[in-house]
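Commentary on secondary and tertiary structure
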Amino acid sequence: MRITAPKPRDAILFLTQNPRMAKIGTRYGMRLGAGRFVAGVTLEDCIAELHALAARGLRTYTIMLGESVASAAEAERVTAAYVDVIDRLGAEASLDNTMSIKLTHIGLLSDRELAYDNAVRVLEAARRAGMFVRLDMEDSRHVDATLDIHGRLLADGLTNTGVVVQAYLHRAPELLAALTEMRANVRIVKGAYLEPASVALPRKEDVDRAYCRLVDAALAGEGFTAIATHDDAMIAHAERTLAGSRAAAEGRYEFQLLYGVRPQLQQALVERGHPVRVCVPFGSDWYVYFGRRLAERPANLWFVVRSMVRR
Ligand code: FDA
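The following paragraphs examine the structure supplied in this document. Residue positions within a chain follow its written sequence, with the count starting from 1. Two thresholds apply to this predicted model, a pLDDT of at least 70 for residue-level local features and 80 or more for giving and counting side-chain atom pairs, whereas whole-chain, interface and lining totals are computed over all residues. Processing note: side-chain calculations cover all non-hydrogen atoms of the structure and skip hydrogens and water entirely.

Considerations on the nonpolar core
Counting 82 residues, the largest nonpolar core has Ile149, Leu153, Ile227 and Phe255 as its most contacted members. If we ignore the near neighbours within four places in the chain, the residues touching Ile149 are Leu103, Leu108, Arg112, Ala115, Tyr116, Ala119 and Leu135. Counting 14 residues, the second largest nonpolar core, distinct from the first, contains Phe37, Val38, Phe290 and Leu294. What makes a nonpolar core is a set of buried Ala, Val, Leu, Ile, Met, Phe, Trp, Tyr and Cys residues whose side-chain atoms join them at distances within 4.5 Å. A simple rule labels every residue: compare its accessible area, found with a 1.4 Å probe on the protein chains alone, to the largest value its type can have, and call it buried under 20%, exposed over 50%, or partly exposed in between. Only heavy atoms enter the contact rule, under which two residues are in contact if any of them lie within 4.5 Å.

Here it is in C-alpha cells:
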C-alpha cells in the first residue's frame, strides 16, 4: 500500500481544527506573527489601520474575528457586539468601509432561524449606518444555509448584503448562475477550507481555471463583482475581461485582498486605476484565521520560525 504524505496546506488546515493546538496558538501566536495578518485586538487598533489604508487610496472592510459559536447565548452576545461595532464604525464618516460576517459566528451552528434573526439585527444596524455587510462563505456544510439566508434577507428588503462563491466547489457555476440571475453582489474566491474531492476540486490548476471562468461569468452579469485574490495570473485574467466591459464602465467591480498579504500588489492595483478593498480583521479570536493564512502559503511558516528565533 502506498501512503502519500498530506499536502502542507491540508496538514496546516487539519492542525487548526485541533483544540489543543488552538490553545497553544492563542497563547503565543500574536508574538509569533499573527499580527502581520490581524490589525489588532481592539476595534480602536483596527480603526487606526482603516485610516492608514484609506490614506493610501484603499477601500476597506472589517471583520470581527470568530466563528463556530456553539451556544445561542454566545451568538446573542456576538450579535450585540456586531451592532456596537457597526455603530462605532458608522461614526467614521470619512472611511469607505464595509463589514463581513460569518453566520456560524451568530448562531448558525445552533439553529438556522437564530442565525437569520441575528443577521437581520446586524443588517438593520448596518442600514442605519449606511453600511454594506457581506456574508462570508464557510465550509461546504454551511453553503446552502448561507445562500438561503442571503436570499431571505434580500427578499425582506435588506439589500445592503451580498455573498461569496468559492471556485473550488464543483457546484460553483450553478451557485453563481442563480446569484447572477438575482443581480446579487458576489465575491469570488478560490476557497479556503479542507474539503473532500467529492465536494471540491483538489488540484490548484483546476481551481485556477474554474476561478477565471467564474470571474468572466460574474462580470458578464448585472450585479457587483468582488474579485478576491492575490494571484497575479487571476488578476491579469480579470483585467483582460474588465477592459471595455460594462461592469468596468459602470463601476460594478472591485479587487479585494487580505490585510498583510502582498501590500505592494494592493498599491499597484490602485495605481493601475482599479478600486481595491482590503479585508481588515480585528479581535482576540484570531487563531483559526491565522491558520488559514499559513495554509494558503506554507512559506509563511518561515516567518513564524523567524519570529520565534528573534524572541
Ligand atoms: P493562491 O492561494 O493561489 O495564492 C496566489 C499567490 O498569492 C501566492 O503564490 C502568494 O504569493 C500569494 N498569497 C496567497 N495567500 C497568501 C498568504 N496567506 N500569505 C502570503 N501570500 C499569499 N475563502 C473562503 O472560503 N470564504 C471566504 O469568504 C473568503 N473570503 C476572502 C476574502 C478576501 C478579500 C480574500 C482575498 C480571500 C478570501 N478567502 C475566502 C480566501 C480564499 O478562498 C483563498 O484561500 C485565498 O485568497 C488564497 O487564494 P489566492 O486567490 O490568493 O491564490
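Side note on helix H7 (residues 172-181)
Helix and strand assignments follow DSSP, with helices taken as H or I runs no shorter than four residues and strands as E runs no shorter than two, numbered in order from the N terminus. Those residues of H7 that sit buried are Ala172, Leu175, Leu176 and Leu179. End-on, the buried residues of H7 take up no more than an arc of 95°, which puts them together on one face. Turned more than 90 degrees away from the buried face of H7 sit Pro173, Glu174 and Glu181, all of them exposed. Contacts from the buried residues of H7 go to helix H6 (143-155), strand E4 (161-166), strand E5 (185-189) and helix H8 (204-220). Taken from the residues just after H7, Arg183 is the one with a positive phi, measuring 55°. The directions from the helix axis to the C-beta atoms form the arc being described.

Description of the packing of H7 against H8
How two helices sit against one another is set out by the angle between their axes and by the gap between those axes. As a rule, the C-alpha atoms of each element are fitted with a line to give its axis, helices using only the stretch in contact, and angles between N-to-C directions run from 0 to 180 degrees. Put simply, H7 and H8 touch, their axes get as near as 10 Å, and they point 10° apart. In this view, H7 runs roughly parallel relative to H8, as classed from their interaxial angle. Counting all contacts with H7, which are made through Ala172, Pro173 and Leu176, the residues of H8 involved are Leu214, Ala217 and Ala218. Looking at side-chain class alone, the contact of H7 with H8 contains six nonpolar, no polar and no charged residues. What sets the label is the angle itself: under 35 degrees gives roughly parallel, over 145 gives roughly antiparallel, 65 to 115 gives roughly perpendicular, and the rest give oblique. Here the nonpolar group is Ala, Val, Leu, Ile, Met, Phe, Trp, Tyr, Cys and Pro; Asp, Glu, Lys and Arg are the charged ones; every other residue, Gly included, is treated as polar.

A look at unusual backbone geometry
Even without glycine at this site, Ser68 takes up a positive phi of about 50°. Checked against the element boundaries, Ser68 lands in the loop between strand E1 (59-64) and helix H4 (72-90). The backbone of Arg183 sits at a positive phi, close to 55°, despite the residue not being glycine. By the element assignment, Arg183 lies in the loop between H7 and E5. For Arg183, a relative accessible area of 56% puts it in the exposed group.

Examining the sheet that holds E1
Should DSSP find at least two bridges between two strands, the strands are regarded as paired. Taking strand neighbours around the barrel as the criterion, the eight strands line up as E1-E2-E3-E4-E5-E6-E7-E8 in a closed arrangement whose pairing is parallel. Each strand axis lies, on average, 30° off the axis of its neighbour in the sheet, ignoring direction. Of the strand pairs in this sheet, E1 and strand E2 (residues 97-101) are connected by three bridges, and their pairing is parallel. Looking across to E2, one finds that Tyr61 is bridged to Thr98. Contacts from H4 reach E1, E2, strand E3 (133-135) and strand E8 (276-282), with the element oriented near 170° to E2. Sheet strands touched by H7: E4 and E5. Its angle to E4, the strand with the most contacts, is close to 160°.

Here's the deal with the pattern of salt bridges
We define a salt bridge as a side-chain nitrogen of Lys or Arg found within 4 Å of a carboxyl oxygen belonging to Asp or Glu. Here the structure, examined in full by the defined rule, presents 30 salt bridges. Its salt-bridge partner being Arg183, residue Glu222 comes within 3.0 Å of it at the nearest N-O pair. Residue Glu222 is found in the loop between H8 and strand E6 (224-228), and its partner Arg183 is found in the loop between H7 and E5; the two are separated by 39 residues along the sequence. Taking the shortest distance from any N to any O, the salt bridge between Asp232 and Arg262 comes out at 3.0 Å. Note that Asp232 is positioned in helix H9 (residues 232-242) and Arg262 in the loop between strand E7 (253-258) and helix H11 (263-271), a separation of 30 residues in sequence.

Comments concerning the side chain of Asp208
Here Asp208 is to be found in helix H8. Exposure remark for Asp208: the relative accessible area of 14% places this residue in the buried category. The contact partners of Asp208, leaving out residues within four places of it in the chain, are Lys190, Asp231 and Met234.

Thoughts on the site of the ligand
Taken together, 26 residues lie near the ligand, and Lys190, Gly191, Lys204, Thr229 and Glu296 sit nearest. Polar contacts, as used here, are pairs of N or O atoms within 3.5 Å; protein pairs need one atom able to donate a hydrogen and one able to accept it. Residues neighboring in sequence count only if both atoms are side-chain atoms. Within the backbone of Ala192, a nitrogen or oxygen atom sits 3.1 Å from an oxygen atom of the ligand. Contacts to the ligand include Lys204, whose side-chain N or O atom sits 2.8 Å from an oxygen atom. Residue-level accessible areas treat just the shown protein chains as cover; the underlying method is Shrake-Rupley with a 1.4 Å probe. Bound to the protein, the ligand loses 87% of the 930 Å² it would expose on its own. Any residue with an atom within 4 Å of a point lines the site, the site being either a cavity, points on a 1 Å grid over the protein atoms alone where a 1.4 Å probe fits but cannot get out, or a pocket, an open set with protein on both sides within 12 Å along at least 5 of 7 lines. A cavity or pocket is said to hold a molecule if more than half of that molecule's atoms lie within 2 Å of its grid points. Given that more than half its atoms are within 2 Å of the pocket grid, the ligand belongs to the largest pocket. Per-element tally for the shell around the ligand: the top contributor is E7, with three residues. Considering only residue class, the shell around the ligand consists of 10 nonpolar, six polar and 10 charged. Near is defined per residue: the residue qualifies when any heavy atom it owns lies within 4 Å of the molecule or strand.

A look at empty space enclosed by the protein
Grid points are joined across faces, edges and corners, and a volume is the space filled by probe spheres set on the points. Counted by the stated rule, this structure contains two cavities of 30 Å³ or more. For the largest cavity, the calculated volume is near 70 Å³. Ile63, Met64, Leu65, Gly66 and Lys102 are, among the 13 residues lining the largest cavity, the residues nearest its centre. Looking at the lining of the largest cavity, the elements that each hand over two or more residues are E1, E2 and helix H12 (287-296). A volume near 60 Å³ is recorded for the second largest cavity. Lining the second largest cavity are Leu176, Leu179, Thr180, Arg183, Ala184, Val186, Ala218, Gly223, Phe224 and Thr225. With three residues, the top contributor of residues to the lining of the second largest cavity is H7. Counted by class, the lining of the second largest cavity contains six nonpolar, three polar and one charged residues.

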